[in-house]
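Notes for the structure review
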Amino acid sequence: MKKLFAVLIMCLIFVYASNSFAADKPKITIYTSMYEDIIEAMTAVVKDKFPDYDIEFFYGGTGTLQAKIAAEIDTKKLGCDMLMVADPSYSIELKDAGLLHPYISKEAENISLEYDPEGYWYPVRTLNMVLAYNPEKFNKKDLPQSFKDFAYNPEMKGAVSMSNPLTSGTALVALSALKDKYGYEYFDKLAENKVMVESGAVALTKLETGECKEIMVLEESVLKKREEDDSALEVIYPSDGVICVPSPIMTLKDEWSAHKNSKICEELTDWFLSEEGQKYIVKGWMHSVRKNPPAIPYDSISTDEIVKNSMPVNWDNCLKERTELRTNFEERVKK
């Protein structure tokens with residue numbers, strides 16, 4: 001009995017010590033709009049790569065996270081330490097508000113896309129808004145090959161779908177670029193074609209069943225289904241240009257952050273931008289931001305080709321007109 005009691009005491013001491021060690025780990029919370037299954041995979045990777053830190057991801061669409069952060073700003077403290085959201089214009093807003101921590105990453109010279117010269121934000125993944133269809137249901141040549149025809153072709157009425165720009169950062173960026181190119185008439189044409197506004201997952205299901213002929217969607221969503229589900233769905237890279245969204249990574253100033261560990265956030269920034277970190281971005285069906293990308297996503301085309309043929313996005317307009325864009329979408333499209 002004495003031996004058994006001694007063993008129990010030792011076990012309790014071990015459990016207590018382990019819990020104490022875990023509790024003493026510096027913590028980092030990252031708000032991100034990455035898909036939840038990608039977050040799960042990334043969580044396992046960073047736990048292995050940074051065993052001395054307690055790193056937690058919190059998922060939300062960019063619009064949802066913006067609303068959450070706005071509410072937290074009123075309390076003078078945010079619930080996160082880092083942000084990895086979709087809309088690059090949001091990084092401009094947070095920088096101007098004095099919330100971001102500047103850091104010149106050692107990986108900055110390897111990035112192929114624009115980043116803040118003072119180190120307030122860096123692109124960490126490239127998301128691409130494209131069109132998609134189901135070749136088992138429809139012939140590609142009978143479908144729109146451009147974003148313009150997606151909205152303007154009357155034969156697509158009631159058979160097209162897109163994400164909600166009120167909650168999706170990439171959808172809002174896409175609308176900003178399309179408004180700049182085609183005017184607000186584009187919104188009216190979407191309405192005339194009775195575009196369905198729903199999540200990407202729902203739209204992909206409708207594409208598979210044939211309820212939708214074509215959808216406006218992130219390339220990664222289609223590539224993911226092709227690799228994981230052996231889906232027949234195919235990407236159409238629009239002739240008027242893919243809408244590229246170089247999504248940023250940002251660190252909050254310690255006085256605003258949840259755990260005041262900006263030096264650890266600098267380590268994480270370097271790793272996410274490194275060749276190793278970017279390999280996991282690509283595994284998540286997103287494109288690398290490096291000059292010499294470690295790979296391209298499954299079944300995609302080269303990043304250079306996509307960027308070369310992309311539709312311009314005015315990030316200042318995207319920021320200044322955010323409320324106007326959402327209001328016009330609600331009044332013209334979701335009416």
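Look above for the structure.
Here the structure is a predicted model, which is why all the values come from computation and not from measurement.

1. Regarding the nonpolar core
By size, the foremost hydrophobic cluster in this structure holds 80 residues, and its most contacted members are Tyr186, Ile243 and Phe272. No other element matches strand S4 (residues 121–133), which puts 8 residues into this core. By size, the runner-up hydrophobic cluster in this structure holds 16 residues, among which are Tyr31, Leu65, Leu83 and Leu252.

2. Considering the packing of helix H10 (residues 262–273) against helix H11 (residues 275–283)
Their axes nearest at 4 Å, the elements H10 and H11 cross at an angle of 65 degrees. In contact with Trp271, Phe272 and Leu273 of H10, H11 contributes Glu275, Glu276, Gly277, Gln278 and Tyr280. Considering only residue class, the contact of H10 with H11 consists of 4 nonpolar, 2 polar and 2 charged.

3. Digging into unusual backbone geometry
Most peptide bonds are trans, and most residues other than glycine sit at a negative phi. Although it is not a glycine, Lys76 sits at a positive phi angle of roughly 75 degrees. One can find Lys76 in the loop between helix H3 (62–73) and strand S3 (82–84). The residue Lys194 is not glycine, and still its phi comes out positive at about 50 degrees. Along the polypeptide, Lys194 turns up in the loop between helix H7 (185–192) and strand S6 (196–197). Using a relative accessible area of 52% as the deciding quantity, one classes Lys194 as exposed.

Criteria and cut-off values
- Residues numbered from 1 in each chain as written.
- Predicted model: local features only at pLDDT ≥ 70, side-chain atom pairs only at ≥ 80, totals over all residues.
- Heavy atoms only, no water.
- Core = buried A, V, L, I, M, F, W, Y, C linked by side-chain atoms within 4.5 Å.
- Buried < 20%, exposed > 50% of the residue type's maximum accessible area, 1.4 Å probe, protein only.
- Helix = DSSP H or I, 4+ residues; strand = E, 2+ residues; numbered from the N terminus.
- Axes fitted to C-alpha atoms, helices over the stretch in contact; angles between N-to-C directions.
- Contact = heavy atoms within 4.5 Å.
- Nonpolar A, V, L, I, M, F, W, Y, C, P; charged D, E, K, R; others polar.

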